Each structure stands twice: as structure tokens, then as C-alpha cells.
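One letter stands for each residue in the lines below.
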Amino acid sequence: MGPYGGHGGTYPPQQERPDGKKILEQIAKQTGGRLFEVSKKVEKIYADIEEELRNQYSLGYTPEKDLQPGYHKIHLSTHNKDLKAQARDGYYSGPEASRSSD
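Describe the overall build of the protein chain, naming the residues involved and giving the relevant values.
Helix and strand counts for the protein chain come out as three helices and two strands. Element order for the protein chain, N to C, with α for helix and β for strand: α-α-β-β-α. Out of the 102 residues belonging to the protein chain, those deemed buried represent 9%. Counting contacts in the protein chain only where the partners sit at least 6 residues apart, residues at least 24 apart contribute 31% of the total. For the protein chain, the accessible area works out to roughly 9900 Å², and carbon and sulfur atoms hold 52% of it.

This is how it looks when you write it as C-alpha cells:
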């Protein structure tokens with residue numbers, strides 16, 4: 001028996017903590033960005049961001065008018081395997097989506 005009448009363990013029960021780094025990586029990926037860890041020197045992070053900004057392109061896409069409302073996945077790739085394409089996972093279409101961009 002444990003000190004609180006249970007069968008051992010701690011009281012109150014420990015809850016598993018979410019992995020903050022994984023959550024931030026997921027948010028960055030879903031929004032088309034990437035995570036920069038501050039464990040590196042800050043100057044290196046600034047240099048990486050500066051290099052990325054100098055080498056990015058903006059693409060536009062207009063979906064068909066009869067597209068079903070809801071969430072639509074995006075797949076973006078390059079023919080050159082040395083290049084990396086970054087984009088958000090998808091977008092929402094429908095009346096609610098168009099109102100939020102007004």
C-alpha cells in the first residue's frame with residue numbers, strides 16, 4: 001500500500017506532459033513555416049532566416065468555382081531534388097472561408 005491508501009505511485013497522479021517542441025513543429029508545418037531552435041547561436045538563426053527570405057517565391061492558386069466547401073490538402077514539390085518546397089498543408093473553401101479574407 002502506498003502512503004495515501006493506494007497501491008504505490010505518486011499523489012496526485014502525474015499527467016503526461018505534451019512535447020512542446022513537437023507541437024511547435026506541427027504548427028509550423030501546418031502553416032508553411034519551420035521551427036528555429038534557440039539552442040543555436042542567435043546570429044546563426046538570423047542568417048538562416050535571411051537566406052531563406054532571399055530564396056523564397058510566392059505562388060498563387062485559384063481553385064475551380066464549383067469546388068466543394070471544406071478542407072483541401074495541398075501537395076507542392078519541385079523537380080530539382082536539391083530544392084525544398086514549403087507550404088501549408090491545405091486550405092478551407094466555402095462561404096465561411098471567403099468571408100474571413102474580406
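Now that the structure has been shown, the text picks up again.
An account of the pattern of salt bridges is needed here, citing residue identities and associated values.
This structure, assessed with the given rule, holds five salt bridges. Across the pair E37 and K21 runs a salt bridge whose closest N-O atoms are separated by 3.0 Å. Of the two residues, E37 is situated in the loop between α1 (20–30) and α2 (42–54) and K21 in helix α1; the sequence distance between them amounts to 16 residues. Judged by relative accessible area, which is 35%, E37 ranks as partly exposed. Residue E50 is joined to R54 by a salt bridge in which the shortest nitrogen-to-oxygen separation is 2.7 Å. Of this pair, E50 and R54 both sit in helix α2, four residues apart, which is roughly one turn of that helix. When its relative accessible area of 40% is taken as the criterion, E50 is described as partly exposed. What makes R54 exposed here is its relative accessible area of 61%.

Report on α1, specifying residues and quantitative values.
Sitting at the amino-terminal end of α1 is D19, which places a side-chain oxygen 3.2 Å from the backbone nitrogen of K21. At the exit of α1 stands G32, carrying a positive phi of roughly 85°.

Pulling in residues and values, what's your account of a nonpolar patch on the surface?
A cluster of nonpolar side chains, namely V38, V42, Y46, I49 and L53, defines an oily patch on the protein surface of about 500 Å² accessible area. For L53, the position within the fold is in helix α2. Judged by relative accessible area, which is 55%, L53 ranks as exposed.

Talk me through the environment of K21; I want residue IDs and the actual numbers.
Exposure remark for K21: the relative accessible area of 39% places this residue in the partly exposed category. Taking the C-alpha atoms as reference, K21 lies 8.6 Å from L35; in sequence the two are 14 residues apart. Those residues in contact with K21 that sit more than four places away from it in its chain are L35 and E37. Here the side chain of K21 touches E37 through a polar contact of 3.0 Å, side chain to side chain.

How would you explain the environment of I74 if you had to name every residue and give the values?
With respect to the helices and strands, I74 occurs in the loop between β1 (70–73) and β2 (90–93). Each C-alpha atom, one on I74 and one on Y91, is 7.6 Å from the other, the two residues being 17 residues apart in sequence. With near-sequence residues (within four places) excluded, I74 lies in contact with R88, D89, G90 and Y91.

What counts as what
Residues numbered from 1 in each chain as written. Predicted model: local features only at pLDDT ≥ 70, side-chain atom pairs only at ≥ 80, totals over all residues. Heavy atoms only, no water. Helix = DSSP H or I, 4+ residues; strand = E, 2+ residues; numbered from the N terminus. Buried < 20%, exposed > 50% of the residue type's maximum accessible area, 1.4 Å probe, protein only. Contact = heavy atoms within 4.5 Å. Areas by Shrake-Rupley, 256 points an atom, 1.4 Å probe, with all protein chains shown as cover. Salt bridge = Lys/Arg side-chain N within 4 Å of Asp/Glu carboxyl O. Polar contact = N/O pair within 3.5 Å; in protein donor to acceptor, adjacent residues only side chain to side chain. Patch = residues over 30% accessible without salt bridge, like charges linked within 9 Å, V, L, I, M, F, W, Y side chains within 5 Å.

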